[in-house]
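# A look at the structure
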2 protein chains.
Amino acid sequence: MATIKDVARMAGVSTATVSRVLTGNGPFTPDTRRKVMEAIEKLNYQPNGLGRYLRKQETRTVIVVLPDITNPFFSQIIRGMEDEALAHGFTVILGNTDNHADRQRNYVKLLEERRADGIILTAVRNPQPEIEAIQKIGPVVLACEYSSGMFQSVAIDNEQAAFEATSHLIRLGHKRIAHFAGPSEVVLSGDRLHGYQRALREHGIAEQWVGEGDFSLESGRRLMQKLLQANPRPTALFAASDKMAIGAILEAKLHGLKVPDDLAVVGFDDIEMAEVVDPPLTTIVQPKYQIGVEAMRKLITMLEGRPDPALQTILPHTLVIRRSCGGRPE
Amino acid sequence: MATIKDVARMAGVSTATVSRVLTGNGPFTPDTRRKVMEAIEKLNYQPNGLGRYLRKQETRTVIVVLPDITNPFFSQIIRGMEDEALAHGFTVILGNTDNHADRQRNYVKLLEERRADGIILTAVRNPQPEIEAIQKIGPVVLACEYSSGMFQSVAIDNEQAAFEATSHLIRLGHKRIAHFAGPSEVVLSGDRLHGYQRALREHGIAEQWVGEGDFSLESGRRLMQKLLQANPRPTALFAASDKMAIGAILEAKLHGLKVPDDLAVVGFDDIEMAEVVDPPLTTIVQPKYQIGVEAMRKLITMLEGRPDPALQTILPHTLVIRRSCGGRPE
DNA sequence: TTGTATGCGTTATCAG
DNA sequence: CTGATAACGCATACAA
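Now for a look at the structure at hand. Along each chain, numbering runs from 1 in the same order as the chain's sequence is written. Starting at A for chains and at 1 for ligands, labels are handed out in the order in which the entities are written. Note on the predicted model: pLDDT of at least 70 is required for a residue's local features to be given, and 80 or more for side-chain atom pairs to be given and counted; whole-chain, interface and lining totals, by contrast, use all residues. The basis for every side-chain value is the complete set of heavy atoms in the structure, and neither hydrogens nor water enter the calculation.

### Observations regarding the protein's contact with DNA strand D
Nearness of a residue to a molecule or strand requires only that one of the residue's heavy atoms be within 4 Å of it. Taken together, 28 residues form the shell around DNA strand D, and within it A:Ile4, A:Tyr45, A:Arg52, A:Arg55 and B:Thr17 come nearest. Per the 4 Å cut-off to the protein, sugar and phosphate atoms form 64% of the nearby atoms of DNA strand D. Here a polar contact is recorded for every N or O atom pair within 3.5 Å, except that within protein the pair must consist of a potential hydrogen donor and a potential acceptor, and residues adjacent in sequence are included only if both atoms are side-chain atoms. The contact in question runs from a phosphate oxygen of DNA strand D to an N or O atom on the side chain of A:Ser19, over 3.0 Å. In this structure, a base nitrogen belonging to DNA strand D sits 3.3 Å away from a side-chain N or O atom of B:Arg55. For helices the rule is a DSSP run of H or I covering at least 4 residues; for strands it is a run of E covering at least 2, with both sets numbered from the N terminus onward. The set of elements that each furnish at least two residues to the surface near DNA strand D consists of α1 (4-11), α2 (15-23) and α4 (49-56) of chain A together with α2 (15-23) and α4 (49-56) of chain B. Partitioning the surface near DNA strand D into residue classes produces nine nonpolar, 13 polar and six charged. Following the grouping adopted for this structure description, the nonpolar residues are Ala, Val, Leu, Ile, Met, Phe, Trp, Tyr, Cys and Pro, the charged ones are Asp, Glu, Lys and Arg, and the polar ones are all others, Gly among them.

### Observations concerning the relation of the copies chain A and chain B
In superposing the copies, a least-squares fit is computed on C-alpha atoms, taking residues whose pLDDT is at least 70 in both. Rotating chain A by 180° and moving it 0.0 Å along the rotation axis overlays it on chain B with an RMSD of 0.1 Å. Each copy turns onto its partner about a two-fold axis. Contact criterion: two residues are considered in contact whenever any of their non-hydrogen atoms come within 4.5 Å of each other. Of the interface residues in chain A, 100% have counterparts in chain B that sit at the interface too, so the contact is made through matching surfaces.

### Some thoughts on unusual backbone geometry
Residue B:Pro260 follows B:Val259 across a cis peptide bond; omega there is 10°. Note the cis peptide between B:Asp278 and B:Pro279, where omega equals 0°. Within the secondary structure layout, B:Pro279 lies in the loop between α12 (273-276) and β10 (282-285). For A:Arg60, which is not glycine, the phi dihedral falls at a positive 50°. Within the secondary structure layout, A:Arg60 lies in the loop between α4 and β1 (61-66). For A:Arg114, which is not glycine, the phi torsion reads 65° and is therefore positive. Note on placement: A:Arg114 falls in the loop between α6 (101-112) and β3 (118-122). Burial classes: relative accessible area under 20% of the type maximum marks a residue as buried, over 50% as exposed, and values in between as partly exposed (1.4 Å probe, protein chains only). Taking relative accessible area as the criterion, A:Arg114 reaches 24% and is therefore assigned partly exposed.

### Some remarks on the packing of aromatic side chains
Residue and element names in this part refer to chain A. Here is the rule: rings of Phe, Tyr and Trp (six-membered ring for Trp) pair when centre to centre is within 6.5 Å. Planes less than 30 degrees apart are stacked, more than 60 are edge-to-face, and the remainder are tilted. The tally for this structure, following the rule as stated, stands at six aromatic pairs over all chains. We note arginine 192 situated over the ring of phenylalanine 268; from NZ or CZ to the ring centre the distance is 3.6 Å. The rule is short: NZ of Lys or CZ of Arg within 6 Å of the ring centre and within 35 degrees of the ring normal puts a charge over the ring. The ring of phenylalanine 163 has arginine 198 lying over it, and the distance from NZ or CZ to the ring centre is 4.0 Å.

### Concerning the pairing of strand β4 (residues 140-143) of chain A
Residue and element names in this part refer to chain A. Burial along β4 is two-sided: the face carrying Val140 and Leu142 and the face carrying Val141 and Ala143 are both buried. Two strands are said to pair when DSSP picks up at least two bridges between them. The pairing of β3 with β4 spans four bridges and is parallel. Its bridge partner being in β4, isoleucine 120 is matched across the sheet by valine 141. With strands facing away from the observer, any crossover in which the path from the first strand over the helix to the second runs clockwise is taken as right-handed. Between β3 and its parallel partner β4, the chain crosses via helix α7 (residues 128-137), and the hand of that crossover is right-handed. With three bridges joining them, β4 and strand β5 (residues 152-156) adopt parallel strand pairing. The residue bridging alanine 143 from the neighbouring strand is valine 154, located in β5.

### A closer look at the interface of chain A and chain B
Chain A puts 47 residues into the contact, and the matching count from chain B is 47 residues. Each of two parts loses accessible area, computed with a 1.4 Å probe, when they are put together; buried area is these two losses added. The largest share of the area that chain A buries against chain B comes from A:Leu50, A:Arg115 and A:Val276, three residues that together contribute 16% of it. When a carboxyl oxygen of Asp or Glu lies within 4 Å of a side-chain nitrogen of Lys or Arg, that pair is called a salt bridge. Remark: the boundary between chain A and chain B carries 10 salt bridges. We note a salt bridge from B:Asp83 to A:Arg103, for which the minimum N-O separation is 2.1 Å. Our count for the contact surface shared by chain A and chain B stands at 23 residue pairs in polar contact (both at pLDDT 80 or more). Sorting the residues of the side of chain A that touches chain B by element identifies α4, α5 (73-87), β2 (91-96), α6, α11 (242-254) and α12 (273-276) of chain A as the ones contributing at least two each. Its residues assigned to classes, the side of chain A that touches chain B comprises 19 nonpolar, 12 polar and 16 charged.

### With respect to the side chain of B:Thr166
Residues and elements named next belong to chain B. When you line up the elements, threonine 166 lands in helix α8 (residues 158-171). Among the polar contacts made by the side chain of threonine 166, one reaches the main-chain carbonyl oxygen of alanine 162 at a distance of 2.8 Å. Those residues within four positions of threonine 166 in sequence are excluded, and the remaining contacts are Ile177, Tyr196, Ala199, Leu200 and Phe238.

### Some thoughts on the protein's contact with DNA strand C
Taken together, 29 residues lie around DNA strand C, and A:Thr17, A:Thr32, B:Ile4, B:Tyr45 and B:Arg55 are the ones closest in. Counting only atoms of DNA strand C within 4 Å of the protein, the fraction found in sugar and phosphate groups is 68%. A:Thr29 places a main-chain nitrogen or oxygen 2.9 Å from a phosphate oxygen of DNA strand C. B:Gly51 is positioned with one of its backbone polar atoms (N or O) 3.2 Å from a base nitrogen of DNA strand C. For the surface near DNA strand C, the secondary-structure elements that each account for two or more residues are α2 and α4 of chain A together with α1 (4-11), α2 and α4 of chain B.

### Considering empty space enclosed by the protein
Cavity and pocket criteria rest on a 1 Å grid covering protein atoms alone: a 1.4 Å probe that fits but cannot get out defines a cavity, protein on both sides within 12 Å along at least 5 of 7 lines defines an open pocket, and an atom within 4 Å of a point defines a lining residue. Grid points are joined across faces, edges and corners, and a volume is the space filled by probe spheres set on the points. Counted by the stated rule, this structure contains four cavities of 30 Å³ or more. Of the pockets and cavities examined, the largest cavity occupies roughly 120 Å³. Lining the largest cavity are A:Leu50, A:Thr61, A:Ile93, A:Leu110, A:Arg115, B:Leu50, B:Thr59, B:Thr61, B:Ile93, B:Leu110 and B:Arg115. Per-class residue counts for the lining of the largest cavity are six nonpolar, three polar and two charged.

Take a look at the structure:
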């Protein structure tokens, strides 16, 4: 592997000059530039990033931590992050944790080791002190999630969105409405639960049925099995994720229930699968791509030392009505 | 940010000694160890990876390039790679290219800059010379893909799998069978196409109907629209990806066709969505997790300089029969 | 405009 | 067992 010394030797100049040509900084004549470029070409030279970044004390790389790469919900978010990063000359590396704290630590270590300049935690389920610890290591942005602490974050108003989803079911005439919640350690699970409860309360509905899942399809199936035994059985369901909603629909159909006639269902996220399931799923749409863009913009702003704007950025959501909730189909 | 010098000063030893304690190599008394550890603790010291890796000329990091993070097919593969990497003390970073050559170059650059030790290219669509160029930069393993060149690779026998999928439709009595192929620049698209054609040939069927998509749901819909106008219309379809198969089913149903009665469908990959769509999709199952494990094992073997075993590793596949193809449901 | 020399943070070699 | 020192590859302050 050729180094800058080899290039310098072949071009008959000093390493400083090669470096100047390489970075574009510092002065040099067109002629030396030519000589250097020729040597680079001949040697097929590629600067060693470790050396360069050690010297510059920055890598122009950010790490994005995802709890579960299986979840298609994140695809668009990542795309937004990558587009924004690329536009600013940053490289994105993805870290998948499988909801495993140990693995997250692995990626935080990359930040500690200064192999990345900043980190974005997506829909993370860490307690606040842990996030604060990460914040001491380097710049952090939370995506799809906010926390009561002083963290930069980008998300929708989960409580309000859940309120609207539940209210929609109430407007369609339902009185017994169940909720499949996300894991309680995730802040946004609580937010969605509270939105559901507020909708019931404001419409004078006392009865509630809440089960806790982990956002997965399988947990939706499992909760549905339990729900089937409720007596009287709820006529509607608001699930905190599309996957749980879809799991519920599959399981309900398996047991001979008609969706939406016997059970109206609303999900959350609008993943691709939501349009594939039969019937297509009514759900909350998040501006996924935009969340990614905003989160990355925030992080880069911090990295460039500019004063950062709003601490918590709230983006707008919508309810897309498909056939799984009955009433007037689109 | 504390450095090794700060630790050395506080502990009253040399940096060499700190390093010895840190790496566990070299001799030191329990007492110096204690002093060093205390200083590390107090200063909240974390070794700088750039310095360390520059010195050691290795990062124990591998980069995995994916063409499309949206594709759930890769989820399990990545999980296998990560588990295997972790077990050997390696860190995996993911690079998403969105099928964009420019972006892939971005990640290859990480290898060039020596910020990763090796690279795995997943279901890549590069022409062979390009892969050879990458191979000159550092160790490469191809996953879900093989190429005629001398590349380490892990995949199933795509041609044979496609042959079996198509043969299954023929056994069910179909004579007019369409194929939705993947992009022609992807080697495995050709393999699957050839398997389809071999099945027709071996069963004495002359007529074929082939459309080229890009593995996406949308392209499946688009090809189905064209297929609907064929006269006489094929009674069965073998798609080179589950997403295309599902797109075709949705579109067929939209136009009043019954699946599998009017159109029998077989897909490829067995993504989660395959069980969600109505009717559930008959498809080729790849040992996704195992492909990931094998690919990573290969790369690590190369990195550790051990002689590598088989160049091309072929893993077994199966055909899982669900309801989308008619005949005898499972 | 160019070269010399230094330091980024670490580890390994070599003396002691 | 420990310390001084060189080296990894590069960028930059300073001198020429």
